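Here is how the chains run, residue by residue.
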Amino acid sequence: MDCIFCKIANGEIPTTKVYEDDSVIAFNDLSPQAPIHILIIPKEHIASAADVTADNSAVIAHIFEVAAKLGKDLGLENGYRIVNNCGEDGGQTVKHLHFHFMGGRQFGWPAG
Ligand code: AMP
Ligand code: ZN
């Protein structure tokens, strides 16, 4: 399958890895929208949040554990933002489930 994040997960495409374990990898976004902009992805190919099922959802909880660890390790005690874009209307451009972990600035709501 021609999936750029699968290639990052299996090491075919190099990246600036910030965290890795058996089921998850986190790396810096190529086009950062904040001083800290990390993508956390399951190594397993799940196309989007719309493809989460009872069989594959455990990794989502694990991703949030990793996010909490990153927040602590990076000293973001004032907070951060975790974003998932799902599908066309959600603005998803890479069709492998990923969570944007962003910090180091104040974010607006609902955009920005
Ligand atoms: P989304 O629009 O939510 O699908 O986010 C996709 C993100 O992947 C964007 O923020 C891109 O900057 C980022 N991205 C695309 N290719 C790479 C890559 N090779 N390494 C790191 N980040 C990437
Ligand atoms: Zn993939």
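Residues numbered from 1 in each chain as written. Chains lettered and ligands numbered in written order. Predicted model: local features only at pLDDT ≥ 70, side-chain atom pairs only at ≥ 80, totals over all residues. Heavy atoms only, no water.

Caption draft 1: Region of the structure containing the nonpolar core. Grouped together as the largest cluster of nonpolar side chains are 16 residues, with contacts concentrated most on V24, I40, L70 and F101. Among the secondary structure elements, those contributing two or more residues to this core are β2 (24-28), β3 (36-42), α2 (58-73) and β5 (99-103). The biggest single contributor to this core is α2, with six residues. Discounting chain neighbours no more than four positions away, the residues touching L70 are V18, Y19, A26, I38, I40 and F101. Judged by nonpolar contacts, the second largest core, of 10 residues, contains F5, C6, I8 and I25. (Core = buried A, V, L, I, M, F, W, Y, C linked by side-chain atoms within 4.5 Å. Buried < 20%, exposed > 50% of the residue type's maximum accessible area, 1.4 Å probe, protein only. Helix = DSSP H or I, 4+ residues; strand = E, 2+ residues; numbered from the N terminus. Contact = heavy atoms within 4.5 Å.)

Caption draft 2: Main features of the pattern of salt bridges. Counting across every chain of the model gives five salt bridges. Close ionic contact of K17 with E20 constitutes a salt bridge, the shortest N to O distance being 2.7 Å. One salt bridge in this structure joins D73 and K69, with 2.8 Å as the shortest N-O distance. Of this pair, D73 and K69 are both found in helix α2, four residues apart, which corresponds to roughly one turn of the helix. When its relative accessible area of 53% is taken as the criterion, D73 is described as exposed. (Salt bridge = Lys/Arg side-chain N within 4 Å of Asp/Glu carboxyl O.)

Caption draft 3: Main features of the site of ligand 1. Taken together, the neighbourhood of ligand 1 is formed by 16 residues, with D29, N85, T93, H98 and H100 sitting nearest. A distance of 2.8 Å is found between an oxygen atom of ligand 1 and a side-chain nitrogen or oxygen belonging to N85. Taking G91, its main chain carries an N or O atom lying 3.2 Å from an oxygen atom of ligand 1. Alone, ligand 1 offers 500 Å² of accessible surface; in the complex the protein occludes 83% of this. Using a 2 Å cut-off from the grid points, one finds that ligand 1 occupies the largest pocket. For the shell around ligand 1, the secondary structure elements donating two or more residues are α1 (4-9) and β2. For the shell around ligand 1, the element with the highest residue contribution is α1, accounting for three residues. Among the residues forming the shell around ligand 1, the class breakdown is seven nonpolar, eight polar and one charged. (Near = heavy atom within 4 Å. Polar contact = N/O pair within 3.5 Å; in protein donor to acceptor, adjacent residues only side chain to side chain. Areas by Shrake-Rupley, 256 points an atom, 1.4 Å probe, with all protein chains shown as cover. 1 Å grid on protein atoms, 1.4 Å probe; cavity = no way out; pocket = protein on both sides within 12 Å on 5 of 7 lines; lining within 4 Å. Sits in = over half its atoms within 2 Å of the grid points. Nonpolar A, V, L, I, M, F, W, Y, C, P; charged D, E, K, R; others polar.)

Caption draft 4: Inspection of a nonpolar patch on the surface at higher detail. A cluster of nonpolar side chains, contributed by F64, Y80 and I82, occupies part of the molecular surface with about 250 Å² of accessible area. Mapped onto the elements of the fold, Y80 is located in the loop between α2 and β4 (81-83). (Patch = residues over 30% accessible without salt bridge, like charges linked within 9 Å, V, L, I, M, F, W, Y side chains within 5 Å.)

Caption draft 5: Seen up close, the coordination of the zinc ion (ligand 2). Taken together, the protein donors to the zinc ion (ligand 2) comprise C3 (SG), C6 (SG), H45 (ND1) and H96 (ND1), at separations of 2.0 to 2.3 Å. In this structure, the zinc ion (ligand 2) is coordinated by four donor atoms arranged in tetrahedral fashion, with angles at the metal of 106 to 117 degrees. Sequence spacing among the residues donating to the zinc ion (ligand 2) works out to C-x2-C-x38-H-x50-H. Judged on exposure class, the residue C3 and its partner C6 are both buried. (Donors = N, O, S within 2.8 Å, 3.2 Å for Na, K, Ca; no water. Tetrahedral: all angles 85-135°; square planar, octahedral: opposite > 155°, others 65-115°.)

All we've got here are geometric facts, nothing functional implied.
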